[in-house]
Amino acid sequence: MHAHTTPSTPLASTPLASNISSKKRRFTSRKYSSSQTALIYPDSSNAVPLTSTKPFILLLALLSLALTIQFAIVFSWHHRRHDVHVLGEKKEGGFVPPLPLDENVGDLIYVPQNQKNDKSNNDNDGELSHLMPHIPPMPPILNVQSIANPTKLIDDTMSGQNPTVAGVALILSNFLTELHKSNQRLATQQQQQQDAGAKADKITQLRDEVHEAFVTLAKRHLQPFEEKYTYQKKSIFPIRDDDSIFISLASFRDYLLGDTLKGAFDQAKYPEKLYVGAIVQNCYGLHPYEGEEGVQCRTGAQVVGKDKFGRDTTKVSDAPPDRNGIEEFCTSPQHKRFCDNGQVRVLYLHEVESLGPAMARYYASKLWGGETYFVQTDSHLEFYQDWDELYTNEIKATKAYPKSVLSSYPPGFQEENGGVLQGKPGPGARLCTCEFSASDVEAKIIRINTGVSYHGAEERPTQIPFIAAGFFFASAEFLVDVPFDPYMPWCFMGEEIMLSMRAWTNGWSIYAPRKNWIAHQYRPGRMGLPKFWGSVGRLFGRPGPGFSNQLQLKLIKRVKYLVGYKDCCTRERLEQEGSELVLHEVDHYGFGHVRTREEYLEWANIDVDNKRCNRIAWCNEGSLE
C-alpha cells in the first residue's frame, strides 16, 4: 500500500521520509588513444610516452578497479531499492511492505514496530505490514485458499500480535468452506428423503435446521474473531490519516460489477487512494474447479408474455456461468495496476452460500485495511468526475464531523454508460420518511424513503434520521462503534433501520449530501435478474422465494427485538416460542450509550406500538445542522 500527497493532504502512513526525486546517474567510459595522450618528459632526449611506463599502467589499473567498485555499489543500491519496492523487506521489528516505483519516491526509512504508538487510531508513523500478503483477485473461490502460510496468518491475526487483512480473509474463507459443506449435506439429506418416498421435512423444521447449522459454524469460525476485536471496541488496524477510501461492495450475480469498479477508479480524483473490498456471489457453473461439482446456473424470473388477464407471465431458464466483474477489471490494461497494488480485495462465494445483503456487507467490512473513510455501496453504480474528493469535502463540511455519516438513495439510471455518470449533478434528496411495511414477507418492518430535496443554496449539509444501506460514507471509526452483525443471515429488510438507530445512539449524526455524485441502477422484478432468495430455495429443493422468506421471517425478529416491537419480539416471547437462538450475542450489536433508543424514536417521530411513522418536520425543512 502506498500514499500520495496533495497540497491539502497530510503525508500518509508510509516508510518514506521524503518525496525527493531520485537522481539518475550515468557513467560514460572514455577511451584515450596514445596519440591523444602521449606526454613527453621535457628534459628527456628520448621522448618516452608516459602511457608506456609502469607507474601509469598501475595508476590506470587502480582507477579501473575504483570505477568497478563504485559501479557495483550503485548497482547494488538500485537493485536493493527495487526489491524493497516490489517485494518488501524484513527488518528487525517487522516488515517493510512493497511500494510503487515512480519518479517521486525518495529514500526509504523503516520505522520498527516497537517504535510505533500503541494507539490503534490515527497512527501515521507505523508500517503497513498488515496489508501483506495481498489477496489474489483470482481465481474465484480458490484465490484466498492459494495464500501461502495460511495457518500462521490466521494464528497471528487471532493472537493480535500481527493481524493482517489476508489473515481475516482466511478466517472468512474457512467459515464459507464449512458452510458450503454443511449446506450441501443438508440439501442432500432432503433429496434422499424425497428419492426414498419419505415425507420431506416441514418447511419450518428445515428452516430451523439450516439456521442452527449456520449459528454453529459462526460460533466456531467468526465469534472468536469478534470476541478478540469487535467486543473490545478496538480497531484491528491503525486508521490512516491520508484521506484514503475503502469501498465495501457486495455483489450478487451482477453483470455491472466490472463497470462499477471501472467507474469508481476512472472517475476518482485520487484513484491511488481508493481500495475495494468486494464480495462476489456468483454462479460458476458445473465443475468450476477440481473437487467441486457446481450447479447449473439459472436466470431470474424473466417476463415471457401475458396471461389472459393481462398479467406478466414469467419463466426461469438455464443460463451460462456469470460474468466475473473482478476479472474484467483486473485484466483491463488500464486497471490491472490497481489489482497488482492490492487495492482490490476479493472474497468469492458460491451463489448458494449467499445469505442476503446484510451478511455480505459483514464480510466486506472485514476486508477493510485501515483506510481513512469507509463507504458502503451496491455493485451497479455510476460515478461523477472527482466523486471521491467531492464526498470527502462534503463530509468535512458537516457540523458534527468527524462523527458524521453521509447517506442517500442516489438517483436511478437506465442507459448504461460504463460506470461513468455524465451531466450536471442534481440536488440531493433527504431520507426523511418511513413506513411500516404491509408486505407479509417483511412483517411490518420499518422501511425508509426520501423526503424533500435540497434547494441549492444551503451552506452546509443538514441532518436526516436514516442511513441507506446501498450508500453511505463515514469515517472508518464507524466500524468500531457500529460493527456489522454476523448473526443476520437471509435478511433483505431491516438492516437500514438498525444501522440508523445503532449509529445515532452511538453518537453519530447522519446527513444527506447536497448533491448526487453517484447514480444507482434500480432493478424491478421485470428485469428478470437473479435474486439470492431463488438460489436459497433451489439449494434445498424448494424453488421460489418461499423457503428464503421463512428464514427471513425468523431472523427479522432480531431486528424487531432491538427496535422494540413489544407485540411479538420481547426476549420473553421469543424464548417461549423457542426462538431464543435468534438473539445469540445480540447485545454486542445493539445500541450505544450516547443516546437512547427511546430518544431516537421520539426524534424520528416513529410510533412502534401503533406501527406509524409520522412527519419529520425538521428533516424536510433542513433545519438541523
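Residues numbered from 1 in each chain as written. Predicted model: local features only at pLDDT ≥ 70, side-chain atom pairs only at ≥ 80, totals over all residues. Heavy atoms only, no water.

S.K.: Tell me what's going on with the overall build of the chain, and back it up with residues and numbers.
M.R.: Secondary structure summary: the chain contains 19 helices and 19 strands in total. The buried share of the chain, reckoned over its 625 residues, is 51%. Total accessible area computed for the chain in this model is approximately 29500 Å², and 51% of it derives from carbon and sulfur atoms. (Helix = DSSP H or I, 4+ residues; strand = E, 2+ residues; numbered from the N terminus. Buried < 20%, exposed > 50% of the residue type's maximum accessible area, 1.4 Å probe, protein only. Areas by Shrake-Rupley, 256 points an atom, 1.4 Å probe, with all protein chains shown as cover.)

S.K.: How would you summarise the state of the cysteines if you had to cite specific residues and measurements?
M.R.: Applying the stated criterion across every chain yields a total of 5 disulfides. A sulfur-sulfur distance of 2.0 Å marks the disulfide that ties cysteine 330 to cysteine 339. The sign of the S-S torsion, about -80°, decides the handedness of the disulfide formed by cysteine 330 and cysteine 339: left-handed. The burial state of cysteine 330 is the same as that of cysteine 339; both residues are buried. (Disulfide = S-S within 2.5 Å.)

S.K.: So, the environment of threonine 230: which residues are in play, and what are the values?
M.R.: Position of threonine 230 among the secondary structure elements: in the loop between α7 (223-228) and β3 (245-252). Considering only alpha carbons, one finds threonine 230 and leucine 479, 249 residues apart in sequence, at a separation of 8.9 Å. Excluding residues within four positions of it along the chain, threonine 230 makes contact with Phe225, Lys366, Pro483 and Tyr589. (Contact = heavy atoms within 4.5 Å.)

S.K.: Account for the packing of aromatic side chains, naming residues and giving values.
M.R.: Within the structure shown, the criterion is met by 29 aromatic pairs. Here the aromatic rings of phenylalanine 265 and phenylalanine 329 are separated by 5.2 Å at their centres, their planes lie at 40°, and the arrangement is tilted. Highlighted residues: phenylalanine 265 in helix α8 (residues 257-266) and phenylalanine 329 in helix α9 (residues 325-330), separated in sequence by 64 residues. Phenylalanine 329 sits in the buried class, given a relative accessible area of 0%. Ring centres of tyrosine 391 and tryptophan 517 lie 5.1 Å apart, and the angle between their planes is 85°; on these two criteria the pair is classed as edge-to-face. (Phe/Tyr/Trp six-rings, centres within 6.5 Å; stacked < 30°, edge-to-face > 60°.)

S.K.: Can you tell me about empty space enclosed by the protein, naming the residues and giving the values?
M.R.: Within this structure, the stated rule accounts for 8 cavities of 30 Å³ or more. Its volume calculated, the largest cavity comes out at about 230 Å³. Looking at the largest cavity, it is lined by 15 residues, and the ones nearest its centre are Thr230, Lys234, Ile236, Lys366 and Leu479. Class assignment for the residues of the lining of the largest cavity results in 10 nonpolar, 3 polar and 2 charged. Roughly 150 Å³ of volume is contained in the second largest cavity. (1 Å grid on protein atoms, 1.4 Å probe; cavity = no way out; pocket = protein on both sides within 12 Å on 5 of 7 lines; lining within 4 Å. Points joined across faces, edges and corners; volume = space filled by probe spheres on them. Nonpolar A, V, L, I, M, F, W, Y, C, P; charged D, E, K, R; others polar.)

S.K.: Describe helix α16 (residues 546-563), naming the residues involved and giving the relevant values.
M.R.: In this model, α16 (18 residues) spans 25 Å end to end at C-alpha, consistent with the 26 Å of a helix rising 1.5 Å per residue. The sharpest bend along α16 measures roughly 25° and falls at lysine 554. The element α16 is largely enclosed, with a buried count of 13 among its 18 residues. Looking one or two places after α16, you find glycine 564, whose phi comes out positive at around 110°. (Expected span 1.5 Å × (residues − 1). Bend = angle between axes of the 7 residues up to and from the residue.)

S.K.: Describe the sheet that holds strand β16 (residues 509-511), and please don't skip the residues or the numbers.
M.R.: One open sheet accounts for 7 strands, arranged β9-β4-β3-β10-β15-β12-β16; its pairing is mixed. Two strands in the sheet have a free side with no partner beyond their single neighbour: β9 (344-350) and β16. Going from strand to strand, the sheet's axes swing by 15° on average, the running direction of each strand aside. (Pairing = 2+ DSSP bridges. Axes fitted to C-alpha atoms, helices over the stretch in contact; angles between N-to-C directions.)

S.K.: Give me the packing of helix α5 (residues 165-195) against helix α6 (residues 203-221): which residues, what numbers.
M.R.: Direction vectors running N to C along α5 and α6 enclose 155°, while the axes themselves pass 10 Å from each other. With respect to α6, the axis of α5 lies roughly antiparallel. The handedness of the crossing between α5 and α6 is right-handed. Residues Ile171, Asn174, Phe175, Glu178, Leu179, Ser182, Leu186 and Gln190 of α5 lie in contact with α6, whose contacting residues are Leu206, Glu209, Val210, Ala213, Phe214, Leu217, Ala218 and His221. (Parallel < 35°, antiparallel > 145°, perpendicular 65-115°, else oblique. Left-handed = near helix turned anticlockwise from the far one by under 90°.)

S.K.: Explain the layout of surface pockets to me, using residue names and the numbers behind them.
M.R.: Considered as a void within the structure, the largest pocket measures approximately 1200 Å³ in volume. Mapped onto the lining of the largest pocket, the elements with two or more residues apiece are β3, α11 (357-365), β14 (446-449), α14 (495-505), α15 (532-539) and α16. Ranked by residues supplied to the lining of the largest pocket, first place goes to β14 with 4 residues.

S.K.: Residue-level account of the nonpolar core, with values.
M.R.: Counting residues in hydrophobic clusters, the biggest one holds 115 residues, and the most contacted among them are Phe214, Tyr363, Phe478, Tyr600 and Ile606. Ranked by residues supplied to this core, first place goes to α5 with 12 residues. Excluding anything up to four places from it in sequence, phenylalanine 478 contacts Val405, Ile467, Phe472, Pro483, Leu499, Ala503 and Trp508. Counting 35 residues, the second largest nonpolar core, distinct from the first, contains Leu274, Ile326, Cys339 and Val375. (Core = buried A, V, L, I, M, F, W, Y, C linked by side-chain atoms within 4.5 Å.)

S.K.: Run through the pattern of salt bridges, naming residues and quoting values.
M.R.: Side-chain pairs of opposite charge can arise where the charged atoms are in close proximity. Following the criterion strictly, the structure yields 32 salt bridges and no others. Its salt-bridge partner being aspartate 208, residue arginine 207 comes within 3.1 Å of it at the nearest N-O pair. By relative accessible area, arginine 207 is classed as buried at 15%. Residue aspartate 208 is classed as partly exposed on the basis of its relative accessible area, which comes to 24%. With its nearest N and O atoms 2.7 Å apart, the salt bridge here joins aspartate 340 to lysine 336. Taken as a pair, aspartate 340 and lysine 336 lie in helix α10 (residues 336-340) at a separation of 4 residues, close to a single helical turn. The structure contains a network of salt bridges with shared partners spanning Arg240, Asp242, Arg345 and Glu371. (Salt bridge = Lys/Arg side-chain N within 4 Å of Asp/Glu carboxyl O.)

S.K.: Which residues make up the pairing of strand β15 (residues 471-475), and what are the values?
M.R.: Most of β15 sits inside the fold, with 5 of its 5 residues counted as buried. For strand β10 (residues 373-377) and β15, the ladder comprises 5 bridges, and the chain directions are antiparallel. Each residue of the ladder has a partner; that of threonine 377, found in β15, is phenylalanine 471. By the bridge criterion, 3 bridges tie strand β12 (residues 404-407) to β15 in an arrangement that is antiparallel. Counterpart to serine 407 in the pairing with β15 is phenylalanine 472.

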